Each structure stands twice: as structure tokens, then as C-alpha cells.
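Next come the chains, spelled out residue by residue.
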Amino acid sequence: MTIGRADSVTLRTPSDLAAQGLAPADSLPALERVAARYAIAVTPDVAALIDTSDPNDPIARQYIPSVDELTTQPSERADPIGDHAHAPVAGIVHRYPDRVLLKLVHVCAVYCRFCFRREMVGPGKETALSSDAYAGALDYIRAHPAIWEVILTGGDPLMLSARRLREVIGDLAAIDHVKVIRLHTRVPVADPARVSDETVAALKAGGAVTWVALHANHPRELTAAARAACARMVDAGIPMVSQSVLLRGVNDDAATLEALMRAFVECRIKPYYLHHGDLAPGTAHLRTTIAHGQALMGALRGRVSGLCQPDYVLDIPGGHGKSPIGPQYLSRADEGGERGAYRIVDYCGDVHLYPDVE
């Protein structure tokens, strides 16, 4: 049984969740402890997707807090991907030579239970860059001509008003060497009505092209309203890519990943990244093994078109960047008289020899 739209109010406390049948009343004391550390927000659109009769509902598992979040593993860390190690000025993360993150806000429409910035976002944290900090971030970008792409993140940049988005996009597009502006967002899934015609128009400016990366992890998140929100952007000439996180009990089977990636492509969204779960505190119950992720990627290779293939990546803890960790299909075959040849595995798992250049 799915619930209604929760009276069109975002649910922000364990008591709110219990009142809507999304959390058991007897778990409230423990969930209050979770809420004291990690933000909660479940929008009406997301709440309406949750099947309250299914204790393992994959939508609930992404958004509804769990007592498991109170358990932190020794390997987990508050800044699992090392943003702070690459933050030269407030609001900027400069990890790769040709691109930077610009963290404008620290709030989201919803708060994912696996978020790698869960210690940095939500009520009580910083809400937005000050005017001085924003000016300093722009000055940093202007002073580094190698920066070709600026990625707006946070928090969710689509939480900004259309007026503010227009200003930011215009400021960035006016910098000669900035050619691409990318926004990472959950809003088309979490609050699709927020993707208004005014917001879409605000995302475009002469001098740079805007891309939008949509975060979704289960095909049920791509509702008719979410698809329409994405269509408003794509129809306006804004290309879209996807990013997903491999999550235990949410999308860690081949059929679900297949349906998700196909749904993206049907929405004219190119699958981009499938992230291995980061070592964020209190998230061990949602992570899979790398071996399982590699097996799933191998299964996906044989099930769906190349259009539907994301890169399976791991953000190396400590700020060392992303590395692809998908299955290996190629190996040397020097033994057995096949010197200079390679073994290559096809999508059925069969092995073939391929001669190298003499």
C-alpha cells in the first residue's frame, strides 16, 4: 500500500514519519537519535512512492532513517571523498585540473540515508555561501584558466530560486574559459513541480553550455511527473546524464539496474556513473561488496544496449578522485604458445583469443 501525498508537507522528523505510517512508533526514541545527527526530509512526491506494506521497500530504504545509522564502522569517515583536502577557498573543491565543484547551498529537497556529505548538509549546517564567499569563489575560478567546467552541487543547486540560478549561471558563463556548467540534482525526482519553465530558462546563458546530472537509484523514482520535469529541461536544449549509487536492498540486482538504466535512456538521460557506496558514517548496511558490483555490471553488459551502460566508479577515500572499478574483460594470453595474444571475454562469459599487433 502506498500513501497519499502526506498533505503536501515535507516530513522532517521521526514523529512526522510515524504519523504517516512510514516509521514504527516504537522506534521513535532511536530515530530521534539518528535525526539529531543526520537531517531528514521526505517530500510528498517521495512519500507517495513508498509501499508501507513492504518492510523492504527500496524507496523507503533510501529516504527513511534507520537505527542502523547509529552504527559507525572504523573505516567510515565524516568526509569520505576528501572534499576538505581540495578546498582552496570557501565553496570550491578543486580536485581535477579542468573542473571545480561550486557548493552554493547546503540544503536538499530530500536527504538520502547514504549521502557522503551527510555530516555537512541539512538544517543547522551552513545554508548558502555568503556574498563575500561567493565573490571569492568566482575570483578563484577567474584566476585559474584551466577550469573548463564548473559543477554546481552542495546541497542541491535546484533549491535556489530561479532568480538566483539565473544570476549564478550568468556569472559563470561570463568567465571566458568556463565552457560547461553542470548541476547535480535530486529535485526532478523529489519535487518535480519545482522544475518550472522559469527555472529551466534560468539554467541557460550564452557563453557556456549547461548540463544537468540527475540522481536516481530505482526505476520507481522516475514517475510521470519526474519524467515531465526532465523533459522540460531536455526539450529546452539542456542535455542530461544520470548518476546512481549501488545500494544494498535498493538496486543491487540485475533486473532493477536494467530497468533503471533503460528508464533513464527513455527519458533522454545518458547513464553516466554508478557509484560504489562511499564510506560515509552509518551507511554500512547500504553498501554492497565491490565483487557484487562488478558481477552486476557484467550482467548488465549482456542485458542492455551500450546506451544504458554507466561507468561503475569508486571515489577513493582521502580525496584521490574517482577510479573505474568495473569487471575486466581483457587479459594477456602469453602462455600456451599464444605469445602476444589477449584473452577477451564476451557478454556470455565465453573466452576468445585476439592477436596483438606484431
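Check the entry above for the structure.
Quick look at the structure, then. Since the structure is predicted, the reported quantities are computational estimates derived from the model, not experimental observations.

## Focus on the overall build of the protein chain
- A count of helical and extended segments in the protein chain gives 11 helices and 12 strands.
- Residues classed as buried in the protein chain amount to 50% of the 358 residues present.
- In the form shown here, the protein chain has an accessible surface area of approximately 15600 Å², with 55% of it arising from carbon and sulfur atoms.

## Re the sheet that holds strand S10 (residues 330–332)
- The strand order across the open sheet formed by 3 strands is S10-S11-S12, and the pairing between neighbours is antiparallel. On the outer flanks of this sheet lie S10 and strand S12 (351–355), each paired with one strand and no other. Each strand axis lies, on average, 30° off the axis of its neighbour in the sheet, ignoring direction.

## Some points on the packing of helix H10 (residues 254–266) against helix H11 (residues 290–303)
- At a minimum axis distance of 10 Å, the contact between H10 and H11 shows a crossing angle of 55°. Judged on the interaxial angle alone, H11 and H10 are oblique. Judged by the sense of rotation from one axis to the other, the crossing of H10 with H11 is right-handed. Contact residues: Ala 254, Ala 255, Leu 257, Glu 258, Met 261 and Arg 262 in H10; Leu 296, Ala 299, Leu 300 and Arg 303 in H11.

## Side note on a nonpolar patch on the surface
- The grouping of Leu 330, Ile 344 and Tyr 354 at the surface amounts to a nonpolar patch, some 310 Å² of accessible area in total.
- Mapped onto the secondary structure, Leu 330 falls in strand S10.
- Leu 330 gets classed as partly exposed once you look at its relative accessible area, which sits at 49%.

## Brief notes about the pattern of salt bridges
- Using the criterion set out here, one finds 19 salt bridges in the structure.
- Note that Asp 139 is salt-bridged to Arg 142, the shortest N-O span being 2.9 Å. In this pair, Asp 139 and Arg 142 are both assigned in helix H5 (residues 131–142), 3 residues apart and thus about one turn of the helix distant.
- Classification of Asp 139 as partly exposed rests on a relative accessible area of 45%.
- Note on Arg 142: relative accessible area 43%, which makes it partly exposed.
- Arg 262 is paired through a salt bridge with Glu 258; the nearest N and O atoms lie 2.7 Å apart. Pair noted here: Arg 262 and Glu 258 are both in helix H10, with a separation of 4 residues, about one helical turn.
- Residue Glu 258 is classed as buried on the basis of its relative accessible area, which comes to 14%.

## Some words on the sheet that holds strand S5 (residues 209–215)
- Taking strand neighbours across the sheet as the criterion, the 9 strands line up as S1-S2-S3-S4-S5-S6-S7-S8-S9 in an open arrangement whose pairing is mixed. Only two strands of the sheet have a single neighbouring strand rather than two, namely strand S1 (92–96) and strand S9 (322–324). Ignoring strand direction, the axes of neighbouring strands in this sheet form an average angle of 30°.
- Strand direction decides the pairing type here: strand S4 (residues 180–185) and S5, joined by 6 bridges, are parallel.

## Quick look at the packing of H5 against helix H6 (residues 162–173)
- It is the contact of H5 with H6, at a shortest axis distance of 11 Å, that shows an interaxial angle of 25°. Classified by the angle between their axes, H5 and H6 sit roughly parallel to one another. Within the contact between the two elements, H5 uses Tyr 134, Leu 138 and Ile 141 and H6 uses Arg 164, Glu 167, Val 168, Asp 171 and Leu 172.

## So, the environment of Val 42
- Along the chain, Val 42 turns up in the loop between helix H2 (28–37) and helix H3 (44–47).
- You can call Val 42 buried: its relative accessible area is 0%.
- For Val 42 and Gly 349, which are 307 residues apart along the polypeptide, the C-alpha to C-alpha distance reads 42 Å.
- Leave out the neighbours within four places in its chain, and Val 42 touches Val 9, Thr 10, Leu 11, Leu 17, Ala 47, Tyr 63, Ile 64 and Val 110.

## Some thoughts on the side chain of His 276
- Positionally, His 276 belongs in the loop between strand S7 (269–275) and H11.
- In this structure His 276 comes out as buried when scored by relative accessible area, which is 8%.
- Of the polar contacts made by the side chain of His 276, one reaches the side chain of Tyr 312; its length is 2.8 Å.
- Excluding anything up to four places from it in sequence, His 276 contacts Thr 288, Thr 289, Ile 290, Tyr 312, Val 313, Leu 314 and Ile 325.

Rules used throughout
Every chain's residues receive numbers from 1 upward, in the order its sequence appears when written. Given that the model is predicted, a residue must reach a pLDDT of at least 70 before its local features are reported, and side-chain atom pairs must reach 80 or more before they are shown or counted; all residues, however, enter totals for whole chains, interfaces and linings. Note that water and hydrogens are dropped before the side-chain values are worked out from all heavy atoms of the structure. Helical segments are the DSSP runs of H or I of at least four residues, strand segments are the runs of E of at least two, and each set is numbered from the N terminus. In this scheme, a residue with accessible area under 20% of its type's maximum is buried, one over 50% is exposed, and one in between is partly exposed, where area comes from a 1.4 Å probe on protein chains only. Values of accessible area rely on a 1.4 Å probe in the Shrake-Rupley scheme; residue burial ignores everything except the protein chains shown. When DSSP locates at least two bridges between a pair of strands, those strands are taken to pair. For every element, the axis is a line fit to its C-alpha atoms; helices are fit only across the contacting stretch, and the angle between N-to-C directions ranges from 0 to 180 degrees. Each angle receives one of four descriptions, namely roughly parallel if under 35 degrees, roughly antiparallel if over 145, roughly perpendicular if within 65 to 115, and oblique otherwise. Crossing handedness is read from the near helix: turned anticlockwise from the far helix by less than a right angle, it gives a left-handed crossing, and turned clockwise, a right-handed one. Any two residues having at least one pair of non-hydrogen atoms within 4.5 Å are treated as being in contact. Note that patches include only residues with greater than 30% relative accessible area and no salt bridge, and the join distances are 9 Å for like charges and 5 Å for nonpolar side chains (Val, Leu, Ile, Met, Phe, Trp, Tyr). By definition, a salt bridge exists where a carboxyl oxygen of Asp or Glu is found within 4 Å of a side-chain nitrogen of Lys or Arg. Any pair of nitrogen or oxygen atoms within 3.5 Å is treated as a polar contact; in protein, a donor-acceptor pairing is required on top of that, and neighbouring residues in sequence qualify only through side-chain atoms on both sides.

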